[in-house]
Amino acid sequence: YRPLMEVDERSFGILIAYVIPGWIVLLGFSYGSDTIATWLTGSVATSPTIGGFLFATLASIGLGVIVSTVRWLVVDPVMHLTGVQPDNLGFVHLQQSHQALTILVNGHYRYYQFHANLCIALPFAATFRWIYGEFRIEELFGVVVVFAVLLLGARDTLQKYYVRCGQVLGSQ
């Protein structure tokens, strides 16, 4: 028996890699859409609804996957240009290393995705907030600082992931 809403390392990894960055983008969209704002907060007269929760969750997942694709196009090449490179891994050991690689994905790569995906989602949400007149100039400093910290975190977690995958699989 397994509870319906049990959180394990795999579901937690998906939550931080896709759902949270997608929700940040959705929050940005909410500044220009009363419908999306209602999904996230309900209306003045009502509390959030189950339908709104479902729409917001599905939209967050979808947007998170799109954000992850943009991350692959933008942030991954930046990481590689700054010297974070995977070894030429020996996949002949993949079968006996499957459990170790799963641990590395959950312990490093999902955090890389979280950090790097937020590097895409945060400026997007801040831009929407600015377009719709909600953004104050003093918030820019916070966005820049958080962006820099996330970028450094992304670089560190990707580097650790690559190094440890190389240790588990060996180089060809």
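Residues numbered from 1 in each chain as written. Predicted model: local features only at pLDDT ≥ 70, side-chain atom pairs only at ≥ 80, totals over all residues. Heavy atoms only, no water.

A. Examining the overall build of the chain more closely. Across its full length, the chain holds five helices and zero strands. Scanning the chain from its N terminus toward the C terminus, one meets helices and strands in the order α-α-α-α-α. Burial statistics for the chain: of 172 residues in total, 36% are counted as buried. Of the contacts made within the chain by residues no fewer than 6 positions apart, 84% connect residues no fewer than 24 positions apart. Only carbon and sulfur atoms are counted for the fraction: they give 69% of the accessible area of the chain, which is about 10,600 Å². (Helix = DSSP H or I, 4+ residues; strand = E, 2+ residues; numbered from the N terminus. Buried < 20%, exposed > 50% of the residue type's maximum accessible area, 1.4 Å probe, protein only. Contact = heavy atoms within 4.5 Å. Areas by Shrake-Rupley, 256 points an atom, 1.4 Å probe, with all protein chains shown as cover.)

B. Broad picture of the pattern of salt bridges. Within the structure shown, the criterion is met by five salt bridges. R136 serves as the salt-bridge partner of E139, at 3.7 Å between the closest nitrogen and oxygen. In this structure R136 comes out as partly exposed when scored by relative accessible area, which is 46%. Where salt bridges share partners, they join R129, R136, E138 and E139 into one cluster. (Salt bridge = Lys/Arg side-chain N within 4 Å of Asp/Glu carboxyl O.)

C. Structural view of helix α4 (residues 98–131). The terminal C-alpha atoms of α4, which comprises 34 residues, lie 46 Å apart, in line with the 50 Å expected from a rise of 1.5 Å per residue. Its maximal kink placed at V105, α4 deviates by approximately 40 degrees. Remark: G133 follows α4 within two positions and exhibits a positive phi of approximately 75 degrees. (Expected span 1.5 Å × (residues − 1). Bend = angle between axes of the 7 residues up to and from the residue.)

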